Amino acid sequence: MKYLPLNPEIFNNNRSRFIEKMEKNSIAIFNSNDELPTNADQVYKFKQNSDIIWLTGIDQEDTMLILFPDNPDPKFREVLVLVRPNEIKEKWDGHRLRKTEAQAISGIQTIIWLDTLEGYLQPWIHWSDSIYLNTNENDRKSNLIQVRDYRYALMMKERFPLHQYKRSAKILKELRSIKTSQEIEVMQKAIDITDNTFRRLLKFVKPGVMEYEIEAEIYHSFLSQRATGPAYGSIIASGDRARTLHYVENNKECKEGELLLMDFGAEYGNYCADLTRTIPVSGKFTRRQKTVYNACLHLHHYAVGILKPGISIIDYTHKIGDEATIVFQKIGLLRKSEIKNEDPENRAFAKYLYHGISHHLGIDVHDLGTRTTPIKAGMVFTIEPGIYIEEEQMGIRIENNFWVTKNGNKDLMKNIPITVEEIESFMKK
Ligand code: GLY
Ligand code: MN
């Protein structure tokens, strides 16, 4: 890993919060993600399971965590399971964690090797009444591949059929969405790296630059600042391509007169930043581009004003839709009659703004979190309204990241240039 050591209190806190929610005399078992094959003898770069990260900070394959707060032997109430370092594997793939190193990262004192787990686990299961297992309950999950957590759940249910099984994800969905101030410190670092990178791009972009050259600048800047890399595939879309929400081909030229949409964020210490800025390739907005940009910025500020505890995501989204309806009429996109006759299930504004305004952000860019209960203090959301106009071959999105506070929110990206004037002035320098 490239990031500097994090504060183990992050993970001590997170585990305590999870344990508090466990039923009496229950055990919770967490698994790492699979190492997934590509082709021939290659594997994808290992990506740790986000819940293992949230609970332990351990970024190594084949790690497990076992929480058994009522274990009669206090030594085994929190156990981290690691793969035993092996000389040959280390010759090929490098250093694997020793017990003391894993203790320092995770704050967990009891570490056992994976090849000894079986002898411990069976009696612990017999002594507990329920077993918490984990699966991916992100509402936007989009694949049905049977990854390790699902195989493990099936195996356990077959082997211990008379236990009660519980869903860790139900607890994690609630807990992971509320960020502690220690987690925010790490997110702020990811955001600051992204901020520095954006400032570098403001000087780098000019007519004729290729989208992939900008992507390469982002990589260079991220890695030089100890980021693990981009938190998601950077979207570098000039002109009409900005209307494709997840455009990642990044293989065309940025031309004079076009607007360039850049949606990118660093991953640092396993936490994500998620920034979108739209800038004029030439360094100066045309009058029309400025009008549409300021309309989008108005929606952004409007959303900032209503993102606070108590509002439901449905009401929040609906209100922004109402405001977008007014704004889109003002800038000549919608006629009164279109608004009057709109289908409530497919409102008129949605022709120009066809995605949600906010998502949870944290260890995952579309982070685990409840989307059906009112917004709570401690949650981190993006605010990212966009305006996409096919007739004008233009797409604009403006995105910052916010920590919800008791009475409102804190803009974690408040230092990043956002107004037309700031952008033009930094591009001129
Ligand atoms: N940053 C890409 C997205 O939010 O979907
Ligand atoms: Mn986003």
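In case you missed it, the structure is sitting above this.
Below, the structure is looked at part by part. (Residues numbered from 1 in each chain as written. Chains lettered and ligands numbered in written order. Predicted model: local features only at pLDDT ≥ 70, side-chain atom pairs only at ≥ 80, totals over all residues. Heavy atoms only, no water.)

1. Regarding the sheet that holds strand β13 (residues 380–383)
Now for step 1: Across the sheet, which stays open at both edges, the 3 strands sit in the order β13-β16-β17 with antiparallel pairing between neighbours. Strands with a single pairing partner mark the edges of an open sheet, and in this sheet they are β13 and β17 (409–411). Averaged over all pairs of adjacent strands, the angle between strand axes in this sheet comes to 35 degrees, irrespective of strand direction.
Now for step 2: Sheet topology places strand β16 (residues 400–404) next to β17; 3 bridges connect them, and they run antiparallel. (Pairing = 2+ DSSP bridges. Helix = DSSP H or I, 4+ residues; strand = E, 2+ residues; numbered from the N terminus. Axes fitted to C-alpha atoms, helices over the stretch in contact; angles between N-to-C directions.)

2. Regarding the state of the cysteines
Now for step 1: By the definition in use, this model includes 0 disulfides.
Now for step 2: Counting only cysteine sulfurs, C254 is the nearest neighbor of C296, a cysteine outside any disulfide, at a range of 19 Å. (Disulfide = S-S within 2.5 Å.)

3. Side note on the site of ligand 1
Now for step 1: The environment of ligand 1 is formed by Y232, H246, D263, D274, H359, H366 and E384.
Now for step 2: Within the side chain of D263, a nitrogen or oxygen atom sits 3.0 Å from a nitrogen atom of ligand 1.
Now for step 3: With respect to ligand 1, the side chain of H366 contributes an N or O atom lying 2.8 Å from an oxygen atom.
Now for step 4: Expressed as a share of its isolated accessible area of 200 Å², the protein-covered part of ligand 1 is 91%.
Now for step 5: Classifying every residue of the shell around ligand 1 gives 1 nonpolar, 3 polar and 3 charged. (Near = heavy atom within 4 Å. Polar contact = N/O pair within 3.5 Å; in protein donor to acceptor, adjacent residues only side chain to side chain. Areas by Shrake-Rupley, 256 points an atom, 1.4 Å probe, with all protein chains shown as cover. Nonpolar A, V, L, I, M, F, W, Y, C, P; charged D, E, K, R; others polar.)

4. Quick look at the coordination of the manganese ion (ligand 2)
Now for step 1: In this structure, D274 (OD), H359 (NE2), E384 (OE) and E399 (OE) serve as the protein donors to the manganese ion (ligand 2), at separations of 2.1 to 2.3 Å.
Now for step 2: Site description for the manganese ion (ligand 2): donor spacing in sequence, D-x84-H-x24-E-x14-E. Highlighted residues: D274 in the loop between β11 (271–272) and β12 (275–280) and E384 in the loop between β13 and β14 (386–389), separated in sequence by 110 residues. Take D274 and E384: they sit in the same class, and that class is buried. (Donors = N, O, S within 2.8 Å, 3.2 Å for Na, K, Ca; no water. Buried < 20%, exposed > 50% of the residue type's maximum accessible area, 1.4 Å probe, protein only.)

Scope: geometric values only; no functional claims are made or implied.
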